[in-house]
Amino acid sequence: MSVTSESLAQELADSRILPPRTLRAVKNPVGAFAPQRALGNAFAPSASPTAHHSPKQNQLLAALPCVEFERLAPHLELVPMPRGFALHESGMRMLHVYFPTTSIISIVLVLADGASSEVAVVGDEGILGVSLFMGGETTPSRTVVQSAGFGYRIKAAVLKEEFNRVGALHTRVLLYIQALMTQVAQTAMCNRRHSVEQQVAKRLLMIMDRTGSNSLTMTQELIANSLGVRREGITAVAGALQRAGVIAYRRGHIAVLDSEKLEESACECYAVVKLEFKRLLSGNGPSHPFYDA
Ligand SMILES: [Zn+2]
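What counts and how
Residues numbered from 1 in each chain as written. Predicted model: local features only at pLDDT ≥ 70, side-chain atom pairs only at ≥ 80, totals over all residues. Heavy atoms only, no water. Pairing = 2+ DSSP bridges. Helix = DSSP H or I, 4+ residues; strand = E, 2+ residues; numbered from the N terminus. Axes fitted to C-alpha atoms, helices over the stretch in contact; angles between N-to-C directions. Donors = N, O, S within 2.8 Å, 3.2 Å for Na, K, Ca; no water. Tetrahedral: all angles 85-135°; square planar, octahedral: opposite > 155°, others 65-115°. Core = buried A, V, L, I, M, F, W, Y, C linked by side-chain atoms within 4.5 Å. Buried < 20%, exposed > 50% of the residue type's maximum accessible area, 1.4 Å probe, protein only. Contact = heavy atoms within 4.5 Å. Expected span 1.5 Å × (residues − 1). Phe/Tyr/Trp six-rings, centres within 6.5 Å; stacked < 30°, edge-to-face > 60°. Lys NZ or Arg CZ within 6 Å of the ring centre and 35° of its normal. Parallel < 35°, antiparallel > 145°, perpendicular 65-115°, else oblique. Nonpolar A, V, L, I, M, F, W, Y, C, P; charged D, E, K, R; others polar. pLDDT = per-residue confidence, 0-100. Salt bridge = Lys/Arg side-chain N within 4 Å of Asp/Glu carboxyl O. Left-handed = near helix turned anticlockwise from the far one by under 90°.

Okay, the sheet that holds strand β8 (residues 215-217) next. The 3 strands are arranged β8-β10-β9 in an open sheet whose pairing can be described as antiparallel. Two strands close off the open sheet at either side, each with one partner strand: β8 and β9 (247-250). Taking the axes of each pair of neighbouring strands and ignoring which way they run, one obtains an average angle of 20° across the sheet. Direction of pairing for β9 relative to strand β10 (residues 253-256): antiparallel, over a ladder of 4 bridges. Pairing of R250 across the sheet is with H253, part of β10.

Encoded structure:
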C-alpha cells in the first residue's frame, strides 16, 4: 500500500483532519538520511513531503546500537501525519507506537465540557505511546498531530518484545519517560504561575527546537488551544512580539527573527525542561539542535 508524493503534498498542504484509514504506511527504503533543515529560512515550508525519510531522523531510534535498530527496521512503517490527526484516543488500547520525524505531536487532556490543554509536546526526540511500557496500556490523554509531517509507526507488540530484551531501547525509553515526566510537571507549574507572554515565547522556542527551523507553521488559534487560553490573549502577545522585532506573523506562519530576545521573553520552564532532556538523553545519538545549550 502506498501513496504518491503529490497526494502526500496535498494532504500536508491542506493540513486537514483525515479519517483513520488514510493514515497509512508509505513505502520507503530504510537507511536514507535527510539533512537537518538550516536555521534562518524565514517563511519557508517547515516540512518537505518529497524529502528522503529515515527512521534515524528520530533521535531515539538513531541512538540505538546497530543490532537493535536492524531488528526493528523491517517493522517500521513511514506514515504521513496530517495536522489534527489523533494518533491515540483517550482510554483506547494502542495498536501502534509512533516515532515522529518531521511532525510534532501534542499530548492533550480534554475536560468533560470540551475544554482542552496541552501537557507535553513530542517531536523527533521522542516516542508516542509510552504507557505501553508501564503496564497500564491506556491513558486518559490523547495525542494529536500539531505540526504536519511524517513519522514511523511500529506494532506495539513488536516494540514491547524488543523493550523486554532490556537492552539499549529499554534504557533510552525509560530515560525518555523521565524527561517527559519533567515536561508534564513543569507544564503544570507553568500554567499556574507564568504569564501568557512567557508561555507563548516558551512554546515557540520548543517548536523551533523540534523543527530545526525559525519558520513555524502555526496559527494564533492553534497556540491558544494548546495553551488553553483565549485567542484574544494570544493576539495581543503576538502583536507585542512583532512590534518588538522578535517575530513576524503572516497568515498562519510565524517567523522568529530574534531567538535571543524570544528566550528572554520565555519563562524558566523552557530551560529547565531542555536541560533535563539534554542531561538524560544527549550523548549517544547524532548531534541535534534540540540538545544544544
Ligand atoms: Zn513557565
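Following the structure, the description resumes.
This part covers the coordination of the zinc ion. Every protein donor of the zinc ion is listed here as C190 (SG), H194 (ND1), C267 (SG) and C269 (SG), and their distances to the metal cover 2.1 to 2.3 Å. Around the zinc ion, the 4 donor atoms are arranged such that angles at the metal cover 97 to 119°; this shape is classified as tetrahedral.

Below, the discussion takes up the nonpolar core. Core analysis: the biggest nonpolar cluster contains 43 residues, and L87, I127, F133, L159 and Y176 have the highest contact counts within it. Take this core: its biggest share by element is 6 residues, from helix α6 (residues 168-193). Each residue touching Y176, except ones within four places of it in the same chain, is listed here: L60, V122, E125, G126, I127, V130, F277 and L281.

What follows covers helix α11 (residues 269-281). Under the 1.5 Å per step criterion, the end-to-end length of α11 is 18 Å for 13 residues, consistent within 8% with the ideal 18 Å. The inward-facing, buried residues of α11 abut α2 (59-62), α6, α7 (196-211) and α10 (259-265).

The next thing to look at is the packing of aromatic side chains. This model, assessed by the stated rule, comprises 2 aromatic pairs. In this structure, K56 is placed above the aromatic ring of F69, and the distance from its NZ or CZ to the ring centre is 4.6 Å.

Now for the sheet that holds strand β4 (residues 104-110). What the 4 strands build is an open sheet, ordered β2-β6-β4-β5; its pairing is antiparallel. Lying at the two open borders of the sheet, with one neighbouring strand each, are β2 (86-88) and β5 (116-122). Recorded for the sheet is a direction-independent mean angle of 35° between the axes of neighbouring strands. One ladder, built from 2 bridges, connects β2 with strand β6 (residues 142-147); its direction is antiparallel.

Glancing now at unusual backbone geometry. In this structure, E137 is a non-glycine residue whose phi angle is positive, near 70°. The residue E137 is located in the loop between α4 (131-134) and β6 in this model. For R251, which is not glycine, the phi dihedral falls at a positive 40°. If you trace the backbone, R251 turns up in the loop between β9 and β10. On the basis of relative accessibility, which here comes to 80%, the residue R251 falls in the exposed class.

Turning our attention to the packing of α7 against α11. It is at 9 Å that the axes of α7 and α11 come closest, and there the two elements cross at 30°. By the angle between their directions, the pair α7 and α11 is classed as roughly parallel. Contacts between α7 and α11 involve K202, L205, M206 and D209 from the first element and C269, Y270 and K274 from the second. Looking at the contact of α7 with α11 residue by residue, the classes come out as 4 nonpolar, no polar and 3 charged.

Okay, the confidence of the model for the protein next. The predicted coordinates of low-pLDDT regions are not to be read in fine detail. Looking at the protein, pLDDT values average 82 and 79% of them are 70 or higher. Low pLDDT (under 50) marks residues 27-47, which in the prediction has 49 contacts with non-local residues, meaning those over four places away or in another chain.

Looking now at the environment of K56. Following the sequence through the fold, K56 ends up in the loop between α1 (5-14) and α2. By relative accessible area, which is 29% here, K56 ends up partly exposed.

This part covers the pattern of salt bridges. Using the criterion set out here, one finds 11 salt bridges in the structure. R153 is the salt-bridge partner of E77, the closest N and O atoms lying 2.9 Å from each other. With E77 in strand β1 (residues 77-81) and R153 in strand β7 (residues 149-155), this pair connects stretches of sequence that are 76 residues apart. Residue R153 is classed as buried on the basis of its relative accessible area, which comes to 14%. A salt bridge links R165 to E162, with the shortest nitrogen-to-oxygen separation between them at 3.3 Å. Connected through salt bridges with shared partners, the residues R71, E162 and R165 form a single ionic network.

Their axes nearest at 11 Å, the elements α6 and α7 cross at an angle of 155°. When the interaxial angle is binned, α6 and α7 end up roughly antiparallel. Crossing of α6 over α7 shows left-handed handedness. Residue-level inspection shows Q183, C190 and N191 of α6 in contact with α7, the latter providing Q199, K202, M206 and R210. Tallied by class, residues from the contact of α6 with α7 come to 2 nonpolar, 3 polar and 2 charged.

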